[in-house]
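Report on the structure
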Amino acid sequence: MKGIVFREFINMVEESFSPDMADKIISSSKLTTAGAYTSVGNYDHREIVELVSHLSAATGTSVPDLLRAFGEHLFGRFAVLYPSHFAAQVSAFEFISILDNKIHVEVQKLYPDAELPQFQHEFPTPDRMVVVYTSKRPFADLAEGLIRGCINYFGGGISLTRENLPCDEGAHTRFALTR
Ligand code: HEM
C-alpha cells in the first residue's frame with residue numbers, strides 16, 4: 001500500500017482524535033517504519049490494518065466504521081492532491097464509471113508499484129449503478145467510504161447499498177447506487 005494512504009490515515013487520526021492518539025497507535029503496532037511513511041514508499045497493507053485495529057481498541061469505534069470514515073476523508077484528500085482527475089467530472093456516476101479504466105490507470109502510471117483493486121460497473125437503469133469491487137486486500141469498508149465520499153463530493157442524493165460476495169482472500173463486494 002502506498003505511503004500516501006498511510007500518511008493520510010495518520011493525519012486524519014491527528015486531526016480527528018489527537019497527535020497523542022496517533023503516537024499511541026504507532027507505538028503499539030509492529031511497523032517496519034516506526035510510522036515515518038514517505039508518500040511514494042510502498043508498505044505492507046497489513047500495517048494499516050494493525051493501526052486501525054489499535055485505533056478501534058483505543059476509541060471503542062469498530063474497525064469497519066473507522067475504515068469507512070477514513071475512506072470518506074481520503075476521497076476529499078484525493079480531490080486536493082490530484083485535482084486534474086476531478087476537473088472534468090460532473091457526477092458520482094460519471095466519476096465511478098471512469099475509476100477503473102482511467103483514474104486508477106493513471107495512478108498506476110504515477111506509482112508503478114501501486115496495488116490497485118478492480119471495479120466493474122454497469123447501469124441496469126439510467127438511475128441505478130452497480131459496482132463490483134474485487135481486491136486481494138480486505139478493504140471493502142475503505143471502498144465503501146471512498147464511494148460515500150465521492151457521492152458527498154458531488155452533492156449527495158444517491159443511496160448506497162452493499163452486498164459482500166463470497167471470496168477466498170481479500171474482498172469481493174457489490175455496491176448499488178440509486179439516484
Ligand atoms: C470513488 C472513488 C474511489 C474508490 C472507490 C477507490 C478505491 C480504492 C481502494 C478500495 C483502494 C485500496 C486498495 C485495495 O482495495 O486493494 C484504493 C487505493 C488507491 N487509490 Fe483509489 N479509489 C477511488 C478514487 C481514487 C482517486 C480519485 C485516486 C487518485 C487520483 C485514487 C488513488 C488511489 C491510490 C494512490 C491508492 C493506493 C494504491 C496502493 O496502495 O498501492 N483513488 N482505491
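Where an unreviewed UniProt entry is consulted, the protein appears under the name Heme NO-binding domain-containing protein, with the organism given as Noviherbaspirillum saxi.

1. Some thoughts on the pairing of strand S2 (residues 128-135)
Within S2, six of the eight residues are buried, leaving the element largely enclosed by the surrounding structure. Of the pairings in the sheet, the one linking strand S1 (residues 118-125) to S2 comprises six bridges and is antiparallel in character. Bridge pairing links Gln120 to Val132 in S2. Where S1 folds back onto S2 in an antiparallel hairpin, the turn is made up of two residues. In the sheet, S2 pairs with strand S4 (residues 171-178) via eight bridges, with the strands oriented antiparallel. The residue of S4 that forms the bridge with Val132 is Arg174.

2. With respect to the site of the ligand
Lining the immediate environment of the ligand, one finds 28 residues, of which Lys2, His104, Glu115, Tyr133 and Ser135 sit closest. Taking Lys2, its main chain carries an N or O atom lying 2.6 Å from an oxygen atom of the ligand. One of the side-chain N or O atoms of Arg137 is found 2.8 Å from an oxygen atom in the ligand. Elements with a contribution of two residues or more to the shell around the ligand: helix H4 (63-81), helix H5 (92-97), helix H6 (99-110), S2 and helix H7 (140-153).

3. Describing the pattern of salt bridges
Evaluation of the coordinates by the stated rule reveals twelve salt bridges. Put simply, Arg68 and Asp141 hold a salt bridge, and the shortest N to O gap is 3.4 Å. Remark: Asp141 occurs in helix H7 and Arg68 occurs in helix H4; sequence separation between them is 73 residues. The closest approach of N and O atoms between Asp127 and Arg179, which form a salt bridge, is 3.2 Å. Taken together, the residues Asp127 in the loop between S1 and S2 and Arg179 in the segment after S4 connect sequence positions 52 residues apart. Given the relative accessible area of 40%, Asp127 is considered partly exposed. By relative accessible area, Arg179 is classed as partly exposed at 47%. Each of Asp65, Arg68, Asp141, Glu144, Arg148 and Arg162 takes part in one network of salt bridges that share partners.

4. Section: the sheet that holds S2
Read from one edge of the open sheet, four strands run S1-S2-S4-S3, paired in antiparallel fashion. Edge positions in the sheet fall to S1 and strand S3 (159-164), since each of these pairs with one other strand and no more. For this sheet the average axis-to-axis angle between neighbouring strands, irrespective of direction, equals 20°.

5. Some details on the coordination of the iron atom of the ligand
Just one protein ligand coordinates the iron atom of the ligand, and it is His104 (NE2) at 2.1 Å. Its place among the elements puts His104 in helix H6.

6. What about the domain arrangement of the protein?
We note that the domain assignment places domain 1 (3-61) and domain 2 (88-178) within the protein. Between domain 1 and domain 2, the C-alpha centre-to-centre distance is 24 Å. Taken together, the contact pairs five residues of domain 1 with five residues of domain 2. Here domain 1 and domain 2 share an interface that buries about 510 Å² over both sides, 64% of which is from carbon and sulfur atoms. When the buried area of domain 1 at its contact with domain 2 is split by residue, Val40, Asn42 and His45 rank highest and sum to 67% of it. Inspection of the region where domain 1 meets domain 2 yields zero salt bridges. At the boundary of domain 1 and domain 2, one finds one residue pair in polar contact (both at pLDDT 80 or more). For the side of domain 1 that touches domain 2, the class distribution of residues is three nonpolar, two polar and no charged.

Calculation notes
Residues numbered from 1 in each chain as written. Predicted model: local features only at pLDDT ≥ 70, side-chain atom pairs only at ≥ 80, totals over all residues. Heavy atoms only, no water. Buried < 20%, exposed > 50% of the residue type's maximum accessible area, 1.4 Å probe, protein only. Helix = DSSP H or I, 4+ residues; strand = E, 2+ residues; numbered from the N terminus. Pairing = 2+ DSSP bridges. Near = heavy atom within 4 Å. Polar contact = N/O pair within 3.5 Å; in protein donor to acceptor, adjacent residues only side chain to side chain. Salt bridge = Lys/Arg side-chain N within 4 Å of Asp/Glu carboxyl O. Axes fitted to C-alpha atoms, helices over the stretch in contact; angles between N-to-C directions. Donors = N, O, S within 2.8 Å, 3.2 Å for Na, K, Ca; no water. Domains from an automatic or database assignment. Contact = heavy atoms within 4.5 Å. Buried area = accessible area lost by both parts, 1.4 Å probe. Nonpolar A, V, L, I, M, F, W, Y, C, P; charged D, E, K, R; others polar.

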